[in-house]
Amino acid sequence: MQYFEDLTVGETAEFGSYEVTSEEITTFAERYDPQPFHTDPEAAADSPFGGLVASGWHTAAMTMRLLVDHHLADGATRGAIGVDELRWRRPVRPGDELTVRTEIADKDDWDDDNGLVSVAITTEADGEEALSMVGLVLYERREAP
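What comes next concerns the included structure. (Residues numbered from 1 in each chain as written. Predicted model: local features only at pLDDT ≥ 70, side-chain atom pairs only at ≥ 80, totals over all residues. Heavy atoms only, no water.)

## Description of the packing of helix α1 (residues 22-32) against helix α4 (residues 56-72)
Part 1: Running from N to C, α1 and α4 point in directions that differ by 115 degrees, and their axes come no closer than 10 Å. In terms of their interaxial angle, α1 and α4 are classed as roughly perpendicular. As for the relative orientation of α1 and α4, their crossing is right-handed in sense. Contacts from Glu 24, Ile 25 and Phe 28 of α1 reach α4 at Trp 57, His 58, Ala 61 and Met 62. (Axes fitted to C-alpha atoms, helices over the stretch in contact; angles between N-to-C directions. Helix = DSSP H or I, 4+ residues; strand = E, 2+ residues; numbered from the N terminus. Parallel < 35°, antiparallel > 145°, perpendicular 65-115°, else oblique. Left-handed = near helix turned anticlockwise from the far one by under 90°. Contact = heavy atoms within 4.5 Å.)

## Comments concerning the environment of Asp 111
Part 1: In this fold, Asp 111 is placed in the loop between β3 (97-109) and β4 (114-125).
Part 2: On a C-alpha basis, the gap between Asp 111 and Leu 138 in space is 9.9 Å, while along the polypeptide they are 27 residues apart.
Part 3: Here Asp 113 takes part through its backbone nitrogen, which lies 2.9 Å from a polar atom of the side chain of Asp 111. (Polar contact = N/O pair within 3.5 Å; in protein donor to acceptor, adjacent residues only side chain to side chain.)

## Overview of unusual backbone geometry
Part 1: Of note in this structure, Glu 85 is not a glycine but carries a positive phi near 60 degrees.
Part 2: Looking at where Glu 85 falls in the secondary structure, it is placed in strand β2 (residues 77-88).

## What about the packing of aromatic side chains?
Part 1: This structure, assessed with the given rule, holds three aromatic pairs.
Part 2: Judged by centre distance (5.1 Å) and plane angle (45 degrees), the ring pair of Phe 28 and Tyr 32 falls under tilted. Of this pair, Phe 28 and Tyr 32 both sit in helix α1, separated by four residues, roughly a single helical turn.
Part 3: Residue classification places Phe 28 among the buried residues on the basis of a relative accessible area of 19%. (Phe/Tyr/Trp six-rings, centres within 6.5 Å; stacked < 30°, edge-to-face > 60°. Buried < 20%, exposed > 50% of the residue type's maximum accessible area, 1.4 Å probe, protein only.)

## Brief notes about α1
Residues spaced three or four apart along an α-helix face the same direction, because each turn holds 3.6 residues.
Part 1: Those residues of α1 that sit buried are Ile 25, Thr 26, Phe 28 and Ala 29. End-on, the buried residues of α1 take up no more than an arc of 165 degrees, which puts them together on one face. Every exposed residue of α1 that faces more than 90 degrees away from the buried side is listed here: Glu 23, Glu 30 and Arg 31.
Part 2: Buried-residue contacts for α1 involve α2 (36-39) and α4. (Arc of directions from axis to C-beta.)

All quantities given are derived from atomic positions and should not be read as evidence of function.
Below you can see the structure in the form of structure tokens.
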């Protein structure tokens, strides 16, 4: 289990492999972001994207899944207080394979039980940056300061 004290600013990790499907893109979009370039392959072909693309919110959700499975599972995390600097850098398309890279960008005191860790997160789709953000994550302290 990694606690606040175990994390080092500058520490990096790369993990995950997640293949995006057309069905998943349209199912998510029909429920949460029903714009034609997310839900209708024919309409998407005539859009500025030239084809079906995942909602940025879907890309963020897939990123979160990879983080939970590969990064947060071994951490003494207490949840997050938000994200900063969320950017969708390029559209995610059916068949893209997602991977995530993290870097501990900063650590701050929060309270006697937790520390606040700023984690720079980058999601790549087939090797190209698709999403970037800074997660503000609370980590349990092993010992009170």
